[in-house]
Amino acid sequence: MSEEAISDMPPAPRFSRDHKGLIRDMHNLYVHDLTAPERCGFVVDGKVVEVKNICHEPADGFDISADDLLEYEGRASASWHTHTGTDCNLTRDDLASFLNYPHLHHYIIGSDGVACYAVDQGRVVRAATYPSSRHAEEHPPRAD
């Protein structure tokens, strides 16, 4: 898995020295999980923490409980969720959600790899992409 920076975006957010290990963990845990409901969570102290997806249609989206938000928001450095069986591109729902938490980095794990998003001056930008070794035809774009 190699890092592919997005050249026309603002500089990537500053990451801890364990950032590549975190991305590797996300990739290994979730990229090949093509049929499961969406999964979600936070990054706390450099570790991937999964919380329960309470969405009424977990195959098509995710929601985090108020209790989990309260427990992790103050300690988390990032949020993450999967796009099961599809790519890691931003959706409209992702955009709205990420704007509500501009102090966090946001990761989307798709079948094509892991994308990191950040909020910069009120805009959500794709800061970096960590592609999977899967071929493009194996990960359809998400229908929105």
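Quick caveat: nothing in here was measured; it's all calculated off a predicted structure.

Attention now moves to the packing of aromatic side chains. All chains considered together, the criterion is met by 2 aromatic pairs. Relative to Tyr 72, the ring of Phe 42 has its centre 5.5 Å away and its plane inclined at 25°; by these criteria the two rings are stacked. Of the two residues, Phe 42 sits in strand β2 (residues 40–44) while Tyr 72 sits in helix α2 (residues 66–72), which places them 30 residues apart along the sequence. Neither residue differs from the other here; Phe 42 and Tyr 72 are each classed as buried. Relative to Tyr 117, the ring of Phe 98 lies with its centre 5.9 Å away and its plane at 40°, an arrangement referred to as tilted. Of this pair, Phe 98 sits in helix α3 (residues 92–100) while Tyr 117 is found in strand β6 (residues 113–120), placing the two residues 19 residues apart along the sequence. By relative accessible area, which is 1% here, Phe 98 ends up buried.

With that settled, the discussion passes to the pairing of β6. Each regular strand shows side chains that alternate between the opposite faces of the sheet. Counted residue by residue, β6 has 7 buried out of 8 residues, so it is predominantly covered. As paired elements, strand β5 (residues 105–110) and β6 share 5 bridges and run antiparallel to each other. Looking at the pairing, Ile 109 lines up with Val 114 of β6. Between the antiparallel neighbours β5 and β6 lie 2 residues. Taken together, the 8 bridges between β6 and strand β7 (residues 123–131) define a ladder with antiparallel strand orientation. Looking at β7, one finds that Val 119 is bridged to Val 124. What sits between β6 and β7 in their antiparallel hairpin is a turn of 2 residues, with Gln 121 showing a positive phi close to 50°.

Analysis parameters
Residues numbered from 1 in each chain as written. Predicted model: local features only at pLDDT ≥ 70, side-chain atom pairs only at ≥ 80, totals over all residues. Heavy atoms only, no water. Phe/Tyr/Trp six-rings, centres within 6.5 Å; stacked < 30°, edge-to-face > 60°. Helix = DSSP H or I, 4+ residues; strand = E, 2+ residues; numbered from the N terminus. Buried < 20%, exposed > 50% of the residue type's maximum accessible area, 1.4 Å probe, protein only. Pairing = 2+ DSSP bridges.

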